[in-house]
Amino acid sequence: MNTLASGPLLKIDRLSKRFPVRGGVLRRVVGKVNAVDDVSFEINRGETLGLVGESGCGKSTVGKTILKLHEPSGGAICLDGKDISQYSPRQMRGVRRKLQIVFQDPYSSLNPRMTAADIVGEPLAIHGLAHRRDQRQRVAEMFERVGLRPDQMDRFPHEFSGGQRQRISIARALAVDPEIIIADESVSALDVSIQASVINLLIRLQQQTGVSFLFISHDMSVIEHISHRVAVMYLGRIVEIAERSKVFAHPLHPYTEALLSAVPVPDPATRRKKRILLSGDVPSPIKPPPGCHFHTRCPIAEARCRIDVPALREIAPGHMAACHLR
Amino acid sequence: MTDTNVQATSVVADPEIRPVINGGQRSGRGRTIRFMQAVFGNRGAAIGFILVLTLVLVAIFASWIAPFDSDQMGAGKRLSPPDASHWFGTDEFGRDMFSRVVFGARLTIQVGVIAVSISLTIGMLLGLIGGYAGGWLEKILMRSVDVLFSFTETLIALAAVAVLGPSLTNAMIAVGIAAIPFYARVAYSVTLVERNRPYFEAAVAAGAGHMRLLFRHLLPNIIPPLIVVATLGVSAAVLAAAGLSFLGLGAQPPSPEWGAMLSSGRDYFNRAPWIMLYPGLAIMITVLAFNLLGDGIREALDPRQRNT
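Keep in mind that what you see is a predicted model, and the values were worked out from it rather than measured.

Student: Can you break down the overall build of chain A residue by residue, with the values?
Tutor: Helix and strand counts for chain A come out as 9 helices and 12 strands. Expected size for 326 residues packed as a compact globule is a radius of gyration near 20 Å; at 21 Å, chain A falls within 12% of this value. Looking at chain A as a whole, 44% of its 326 residues qualify as buried. For chain A, the proportion of contacts with a sequence separation of at least 24, taken over those separated by at least 6, is 63%.

Structural data, given as structure tokens:
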């Protein structure tokens, strides 16, 4: 197929990841957690897909499985048209340059015993992209690019603030000119004002380099700010996916509606639609409810929702949702 | 450093890019100094450090400190009690006990360093590889370590000496081998913790190979807790080697090894208790010194005890 160059950069097709649950004296497998269940989406070049959902819904597992930090249990991960889901660790090393990650915790995601310059330069050294002297030069460029001072290169991570460390993580991801960066709750651990500056940095870097982002977050307002398209996840499944404006203006899935109604509105004069309060907790992913995973908390659930799994289908043009009733 | 030094950067000029507290050129050295302060803030550790330092100095300058050669017979009357010319008295051959104890410090330092180096190096590598590799390699390595762990160290050391033959060198090797399982387990558990930290996943995601992951990311991060274990391990090794020598399986006469001196002094204990007293005291003080120092380092490295 030669049309791949114009196709999506990353295509996830029916990806699933099951973790075994062990118990008893013999540590036998007594069950499994469907952390990611039949998830499909695409990311185009230069695009940001926001992946949003509650804690424990499997968003981070999606990110780590794409990077093959977890082995996928099923489905395909196509990067530039090539399925990498069955690649061996050795084969993966060749494509890792294209896929990078920025983690949530700016403290534990940097090796405390390496200098900032070594941390940012490491991917360059691994992929043989720069000689020793060029490497320093390149690292200094990356420092400037993410808003750090190159004269701080030889410091250790503990000498930087949280926001600065996250910039180091971004510089590390960016150093090898990746095609896609998975940002796993990358701003969630930061103060609101620093969140804004890091998000603006990511947007600017995307404009400069054309890199794509899979931006994972539980924060609807952050997602709204950075994403081109938004996917909403609930208990391992994607329940809604569409362009940002569509999801935020006309959410189709009852879960998305509930999430949006929970976002605080800064202006007390403009009242949003009625607040939808969900009752109960997210069910255990070890024993998810049958049918639509959301039916236990859904305000409009009917009998069939308890039996049939709703497929993700195009309900409005370019707007997919998994709900029987819309 | 003030904000005027902050360069305008091309991307953003946000207030967060400010030098951290104390700014300037604080690098690894600042951390070392703070660590030393933490160690010396602890009285026990300071005493331990001074004692260990004294022991090392005595070992280095033994030939200047000791008034006689350690093996010189008839340096004084046989079995004479401590007095001004023979501070620790003399033994059954008229050798000066003070000189023998002083020269014994050399052997003790050697035992401590060599035995611990053997167990630390091999144990650390086994634990590191077991914790990193996972799967069948982890099972084979760690289960073998468990099997060895179920024997007491003395038994393993005795078996090793039985194979190698009695000598001080072999006693050091035996004591080193006997402690390998202990270091391997510690290294293994620390490795398991470190390999689940995001910086390790980040290195995997960056495409790092086995060698880089093992020796650049994991090893530097598992060394600090192992230093504590090794410091405490020196005293155990000294004690174990002295024990082997006492049993006649380590240092052989006329070597001034403290354990061997205890052993040969046994026959004269009623008439000349100083032959056993001073080497015994020396062993006790050495063990105490390394235990105090090890505890101090552990507390200094424990983040929960910092800033208190």
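Next comes the rest of the description.
Student: Mind laying out the overall build of chain B, listing which residues take part and the relevant values?
Tutor: Each helix and strand in chain B was counted, giving 11 helices and 0 strands. Listed N to C, the secondary structure of chain B is α-α-α-α-α-α-α-α-α-α-α in terms of helices and strands. Counting across all 308 residues of chain B, residues that qualify as buried make up 42%. In chain B, of all internal contacts separated by at least 6 residues, the share reaching a separation of at least 24 is 67%.

Student: Report on the environment of Met36 of chain B, specifying residues and quantitative values.
Tutor: All names here are of chain B. Structurally, Met36 can be placed in helix 1 (residues 28-41). Met36 sits in the exposed class, given 12 other C-beta atoms within 10 Å. C-alpha separation for the pair Met36 and Ala300, spaced 264 residues apart in sequence, amounts to 8.3 Å.

Student: An account of the sheet that holds strand 10 (residues 237-243) of chain A is requested, with residue identities and associated values reported.
Tutor: Residues and elements named next belong to chain A. On the basis of which strands lie adjacent, the open sheet formed by 8 strands has the order 6-7-8-3-9-10-12-11 and mixed pairing. In this open sheet, the two edge strands, each paired with only one partner strand, are strand 6 (99-102) and strand 11 (313-316). This sheet shows a mean twist of 25° between the axes of neighbouring strands, independent of strand direction. Pairing geometry for strand 3 (residues 48-52) and strand 8 (residues 212-217), over 5 bridges, is parallel. In the sheet register, Leu51 faces strand 8, and the bridge partner there is Ile216.

Student: Can you explain the sheet that holds strand 1 (residues 10-23) of chain A? Please cite residues and give values.
Tutor: Sheet strands pair by backbone hydrogen bonding; their relative direction is either parallel or antiparallel. Residues and elements named next belong to chain A. Read from one edge of the open sheet, 4 strands run 2-1-4-5, paired in antiparallel fashion. Pairing within the sheet leaves two strands with one partner each, and these edge strands are strand 2 (28-43) and strand 5 (82-83). Where strand 1 and strand 4 (residues 74-79) come together, 5 bridges link them in antiparallel fashion. Of the residues in strand 4, the one forming a bridge with Lys11 is Cys78. On the sheet, helix 1 (residues 59-66) packs against strand 1, strand 2 and strand 4 and is oriented at approximately 80° with respect to strand 2.

Student: Any details on the pairing of strand 3 of chain A? Residues and values, ideally.
Tutor: Sheet faces and side chains relate simply in a regular strand, where the side chains alternate between the two faces. All names here are of chain A. Of all 5 residues in strand 3, 5 are buried; the element is thus mostly enclosed. Residues Thr48, Gly50 and Val52 point to one face of strand 3 and Leu49 and Leu51 to the other, with burial holding for every one of them. The pairing of strand 3 with strand 9 (residues 229-234) spans 4 bridges and is classified as parallel. Note on strand 9: the bridge partner recorded for Gly50 is Val230.

Student: Pulling in residues and values, what's your account of the pairing of strand 2 of chain A?
Tutor: Residue and element names in this part refer to chain A. The pairing of strand 1 with strand 2 spans 11 bridges and is classified as antiparallel. Residue pairing across strands places Arg22 opposite Val29, the latter belonging to strand 2. The hairpin formed by strand 1 and strand 2 contains 4 residues between the paired strands, and Gly24 there has a positive phi angle of roughly 80°.

Student: Describe the environment of Pro225 of chain B, naming the residues involved and giving the relevant values.
Tutor: Residue and element names in this part refer to chain B. Summarising the element assignment, Pro225 is placed in helix 9 (residues 210-246). A residue is classified by how many C-beta atoms lie within 10 Å of it, and Pro225, with 18 of them, is partly exposed. The spatial distance from the C-alpha of Pro225 to the C-alpha of Val190 is 7.9 Å, given a sequence separation of 35 residues. In this structure, Pro225 is in contact with Val186 and Val190, ignoring residues within four places of it in sequence.

Student: How would you sum up the packing of helix 6 (residues 153-164) of chain B against helix 7 (residues 168-195) of chain B? Please name residues and give values.
Tutor: Residue and element names in this part refer to chain B. Interaxial distance between helix 6 and helix 7 falls to 8 Å at its minimum, and their mutual angle equals 140°. The orientation of helix 6 with respect to helix 7, classified from their angle, is oblique. Crossing angle aside, the handedness with which helix 6 passes helix 7 is right-handed. Contacts from Glu153, Ile156, Ala157, Ala160, Val161 and Leu164 in helix 6 reach Asn170, Ala171, Ile173, Ala174, Val175, Ile177, Ala178 and Ala179 in helix 7. Here the contact of helix 6 with helix 7 is composed, by residue class, of 12 nonpolar, 1 polar and 1 charged.

Student: Can you tell me about unusual backbone geometry, naming the residues and giving the values?
Tutor: Here the residue pair Pro253 of chain B and Pro254 of chain B is connected by a cis peptide bond, since its omega of 5° sits within 30 degrees of zero. Its place among the elements puts Pro254 of chain B in the loop between helix 9 and helix 10 (258-265). Here the phi dihedral of Lys68 of chain A falls at roughly 60°; this positive angle occurs in a residue that is not glycine. Looking at where Lys68 of chain A falls in the secondary structure, it is placed in the loop between helix 1 and strand 4. Phi is positive for Asp80 of chain A, which is not a glycine, with a value near 55°. Summarising the element assignment, Asp80 of chain A is placed in the loop between strand 4 and strand 5. By the C-beta count within 10 Å, which is 17 here, Asp80 of chain A ends up partly exposed.

Student: An account of helix 9 of chain B is needed here, citing residue identities and associated values.
Tutor: Residue and element names in this part refer to chain B. Look at helix 9: only 45 Å from first C-alpha to last across 37 residues, short of the 54 Å you get at 1.5 Å a residue. Bending of helix 9 peaks at approximately 45° at the position of Leu219, with proline Pro220 no more than four residues after it. Of the residues one or two after helix 9, Gly248 is the one with positive phi, at around 85°.

Student: Before we move on, could you go through the nonpolar core and cite the residues and values that matter?
Tutor: In this structure, Leu214 and Val232 of chain A are the most contacted members of the largest nonpolar core, which totals 94 residues. In terms of residue count, the dominant contributor to this core is helix 8 (residues 198-205) of chain B (6 residues). If sequence neighbours within four positions are ignored, Val232 of chain A has contacts with Val52, Gly53, Ile238, Val239, Glu240, His253, Tyr255, Thr256 and Leu259 of chain A. Ranked by size, the runner-up nonpolar core spans 75 residues in total, among them Met97, Val102, Ile180 and Ala184 of chain B.

Student: So, the packing of helix 3 (residues 116-126) of chain A against helix 4 (residues 132-145) of chain A: which residues are in play, and what are the values?
Tutor: Residues and elements named next belong to chain A. It is at 9 Å that the axes of helix 3 and helix 4 come closest, and there the two elements cross at 120°. In terms of crossing hand, the pair formed by helix 3 and helix 4 is right-handed. Contacts between helix 3 and helix 4 pair Ala117, Val120, Gly121, Leu124 and Ala125 from the former with Gln135, Arg136, Arg138, Val139 and Met142 from the latter. Of the residues contributing to the contact of helix 3 with helix 4, the split by class is 6 nonpolar, 2 polar and 2 charged.

Rules used in this analysis
Residues numbered from 1 in each chain as written. Chains lettered and ligands numbered in written order. Predicted model: local features only at pLDDT ≥ 70, side-chain atom pairs only at ≥ 80, totals over all residues. Helix = DSSP H or I, 4+ residues; strand = E, 2+ residues; numbered from the N terminus. Rg over C-alpha atoms; globule rule 2.2 N^0.38 Å. Buried ≥ 20, exposed ≤ 12 C-beta atoms within 10 Å, placed from the backbone. Contact = placed C-beta atoms within 7 Å. Pairing = 2+ DSSP bridges. Axes fitted to C-alpha atoms, helices over the stretch in contact; angles between N-to-C directions. Parallel < 35°, antiparallel > 145°, perpendicular 65-115°, else oblique. Left-handed = near helix turned anticlockwise from the far one by under 90°. Nonpolar A, V, L, I, M, F, W, Y, C, P; charged D, E, K, R; others polar. Expected span 1.5 Å × (residues − 1). Bend = angle between axes of the 7 residues up to and from the residue. Core = buried A, V, L, I, M, F, W, Y, C linked by C-beta atoms within 7 Å.

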